[in-house]
Amino acid sequence: MPVIDDGNHPASGIVQEWLHKIKDAEKQKKEKFGKYADEALKFFDGAHDWMWKGAYAKAPGGFLDKEAQGAMPTFRMTVNRVFEAVALFGPVLYHRNPRIQVTPRTIPDISPESLGMQPGDQQAAQAYQILKMQQDAEGEIKRTHAGLKEHYLNWLQDEANKKTQCRMAINEAIIKGMGLLWTELYRPGGSGTSYPRSYYVSVDDLVLDPDAKYWEDVQWVARKVIHPTWQVEREYGLPDGELKGSRESLRSQATQYAGNRRKSSGEKRSGQSFDLIEYWQVYSKAGFGDRLKSIDRQSAESKFDFETFGDFCFLAVADDIPYPLNLPTPAFSQLGDEDLFMRAQWPIPFWTDGGWPFSALSFYEKPGEVWPISLIKPAIGELRFVNWCMSFLADKVAAASTTYVAVAKAAGAEIQDQIKSGLGPYTHIEISDLFGKSVKDMVSFLDAPSFNVDIWRMVSEVLEMIDKRTGLTELIYGLSGSTQIRSATEADVRNQNVSVRPDDMASRVEDWLSLCALKEIEAAEWMLSGKDVAPVLGGLGAQIWDTQIRQQDFERTIREYDYRIEAGSARKPNPVNRIRQLNEFAQIAMPVLQNFVGQGLIEPYNALIEDWAKANELDPERYIITKEVIQQREQQQMQMQMQAQQQEAQQQQQDPAIQAQQQQAQMDMQMKQMEMQIKQTEAQSKSQVAQQEVQAKQIDLRVQQQEHQQELQQDSEKHDQEVEQAREAHQLEMDFMREKIKAEKERREQ
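Now for a description of the structure that goes with this document.

About the thresholds
Residues numbered from 1 in each chain as written. Predicted model: local features only at pLDDT ≥ 70, side-chain atom pairs only at ≥ 80, totals over all residues. Heavy atoms only, no water. Helix = DSSP H or I, 4+ residues; strand = E, 2+ residues; numbered from the N terminus. Pairing = 2+ DSSP bridges. Axes fitted to C-alpha atoms, helices over the stretch in contact; angles between N-to-C directions. Contact = heavy atoms within 4.5 Å. Expected span 1.5 Å × (residues − 1). Bend = angle between axes of the 7 residues up to and from the residue. 1 Å grid on protein atoms, 1.4 Å probe; cavity = no way out; pocket = protein on both sides within 12 Å on 5 of 7 lines; lining within 4 Å. Points joined across faces, edges and corners; volume = space filled by probe spheres on them. Nonpolar A, V, L, I, M, F, W, Y, C, P; charged D, E, K, R; others polar.

### A few points about unusual backbone geometry
Now for step 1: Its identity is not glycine, yet Asn 161 carries a phi of approximately 55°, on the positive side.
Now for step 2: Tracing the sequence through the fold places Asn 161 in the loop between α4 (122-159) and α5 (162-175).

### Topic: the sheet that holds strand β4 (residues 206-208)
Now for step 1: If you trace the four strands from one edge of the open sheet to the other, you get β4-β5-β6-β7, paired in antiparallel fashion. Only two strands of the sheet have a single partner each, and these edge strands are β4 and β7 (313-317). Shown here is a sheet whose adjacent strand axes are inclined to one another by a mean of 20°, direction ignored.
Now for step 2: For strand β5 (residues 220-228) and strand β6 (residues 276-284), the ladder comprises nine bridges, and the chain directions are antiparallel. Directly across from Val 225, in β6, lies its bridge partner Tyr 279.
Now for step 3: This element, helix α1 (residues 12-45), spans β4, β5, β6 and β7 of the sheet and lies at about 95° to β4.

### Looking at α1
Now for step 1: Counted at 1.5 Å a residue, the expected span for α1 with its 34 residues is 50 Å, but the 42 Å between its end C-alpha atoms falls short.
Now for step 2: Along its length, α1 shows its largest kink, about 60°, at Lys 30.

### Quick word on the layout of surface pockets
Now for step 1: Taken as a whole, the second largest pocket encloses approximately 930 Å³ of empty space.
Now for step 2: Lining the second largest pocket are 32 residues, with Glu 184, Glu 235, Tyr 283, Phe 314 and Pro 347 sitting closest to its centre.
Now for step 3: For the lining of the second largest pocket, the elements supplying multiple residues, two or more each, are β2 (179-186), β3 (195-201), β5, α6 (229-236), β6, α11 (337-343) and α17 (500-527).
Now for step 4: The dominant element in the lining of the second largest pocket, judged by the number of residues it contributes, is α6, at five residues.

### Regarding empty space enclosed by the protein
Now for step 1: All told, the structure shown has two cavities of 30 Å³ or more when counted by the stated rule.
Now for step 2: As a volume, the largest cavity reaches approximately 60 Å³.
Now for step 3: Lining of the largest cavity is provided by Lys 32, Phe 33, Tyr 36, Ala 37, Lys 176, Lys 366, Pro 372, Ile 373, Ser 374 and Lys 377.
Now for step 4: Across the lining of the largest cavity, the residue classes break down as five nonpolar, one polar and four charged.
Now for step 5: Empty space within the second largest cavity amounts to approximately 30 Å³.

### Considerations on the sheet that holds β2
Now for step 1: On the basis of which strands lie adjacent, the open sheet formed by three strands has the order β3-β2-β8 and antiparallel pairing. Of all strands in the sheet, those with a lone pairing partner are β3 and β8 (358-361), marking the two edges. Taken pair by pair, the neighbouring strands of this sheet meet at an average axis angle of 25°, ignoring direction.
Now for step 2: Bridge count for β2 against β3 is seven bridges, and the pairing is antiparallel. Among the inter-strand pairings, Tyr 186 is bridged to a residue of β3, identified as Tyr 195.
Now for step 3: The sheet strands contacting α17 are β2, β3 and β8, and the helix crosses β8 at an angle near 180°.

Shown next as structure tokens:
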């Protein structure tokens, strides 16, 4: 049975306060950001004549006076430079899913001398070595954790369809000024696998603390959500039918109003025709809401102490529902303090890194404001002017294309009818009688006034200003410019200059994606168990996830690791630059790599050949040198040498002196080989002895460490025993003094 609160909920006043705050935030956002974002979106996807409609043209800030009665163009058009900006910058900034790199933050090396250790202090040296070994072991563990996190995050980019979500957010950032990726745990319908997902949420659905001038000052944010009522009831544990919708889905419209039946006023008031509910998810860093500046302080007062919920609280509030959806009335009577506390907390503590559940992308910040400015806003004036001029120019072209025919009245009705009934862009004009004239004098064509090219030149100049303002320069369009490039240096300078703005925007996108990766690993470590990550990390990785990663302090995930996007991995690769770089590198490195191949080291040579072949879209397998090829070549060379030696031996058999010299040379060679073997054996023996000495020293170090710890423990126990004995002696002395004082007092009384 649905039961809506009657306003007696402990948080009913706080809910109303949050709704007032959200409305104030919406008004401020509309004034500082929303109206410009809406205008830029219309320039991107509006109707071709939307700019000429009175709601925009004559509105406050429009380009027409309310009382204007001047002539308006009949052909109205929009030059869509905004669409061109999205079409050009979008693929450049995000062409493919990036590769994420996770690296542990290194600890600086501390030398023994900096600690003031004396060269002969063996005990201090042993303690230093112990701490050094512990630090190295901890560093190896961090590198293992970083490898697992990196593997999981790179798997997540493709699994969560990151490219589609990011492209929508980037497009909105280009058009409106800000794009969002919201991070939360996601489970596909019917699947048993959960994973973090960062998905696109329109900036239109976000409001920020209206009192904040800087991001560091923002105390709360709210996100507008529209979901089916049954889904909200299931998510927050409400009874079926508890909520009444505030919006109507298309399916509900088709079902409720089939047969062209309109909604009755009673159905509107009761909400029977609505099956969607609009509500706000509030993420606060300033408590549950009891600290808000109240419009009606008495209505916000409650007997419940909401301070127990702490600073970082979560609420879900909606109009006409006098309680938080995540804390309905039955929760206060049925749940304990700990369960209430957990319901009022952020689902994932993103506040640990000082942030919010979303990652915001913007390209141009406005000083002293949290809301950025759009890439399009600085060019709005020029866009209006160009659309105005182009519309009137279209009318001018139409007028100039009209052919005027002058027909004398004396030409006769038959000629006039034939000319008047003709189809085409011309108009006839009747003139006075001209008898005795030629045919040209009776019927002639009148030319329209010539077109002034200065108007088009001015429009071209303004279009160029728009391109400069938004970054749509001639080289981005792939043009060579008005002047010819005369040298490679000039080409490099132009390329560097034209890439300044795209490089800066790409750098911001990479920083944004890095922040998004941090939030995804935060969500994974907070919400997922080893069982959830086992399909990606394997059994051993899942065990480390449960026993080590999730057991450590959550803040270490943020403070002890760097999460970065590999530079340029999200952008479209430039094959021309890649080939040029490889060719320049090969001119220097190839002679050295060829020498390495002669020595049997083929890996560097093969790596260069593989990169070069891929850049040129060739199959690298045809150019790779394998060890089998080298072995075959060595065998062939050995066979040729043996054949040559056999031929020399046959020739030398005829000369005993030469044969004796050859035998002596062989004996010398054998002696040298034996000497080399003896030296290698001695070197191996020395190495083994050194290793044994190192192992012995390590064992001695461990033994001394254990003895030192035992001595410390014995000293500690001895000290505790001495303290205890002193305390007991002091207690006995105090008891003796009390008895003595008591006896002295009794003696005096007698």
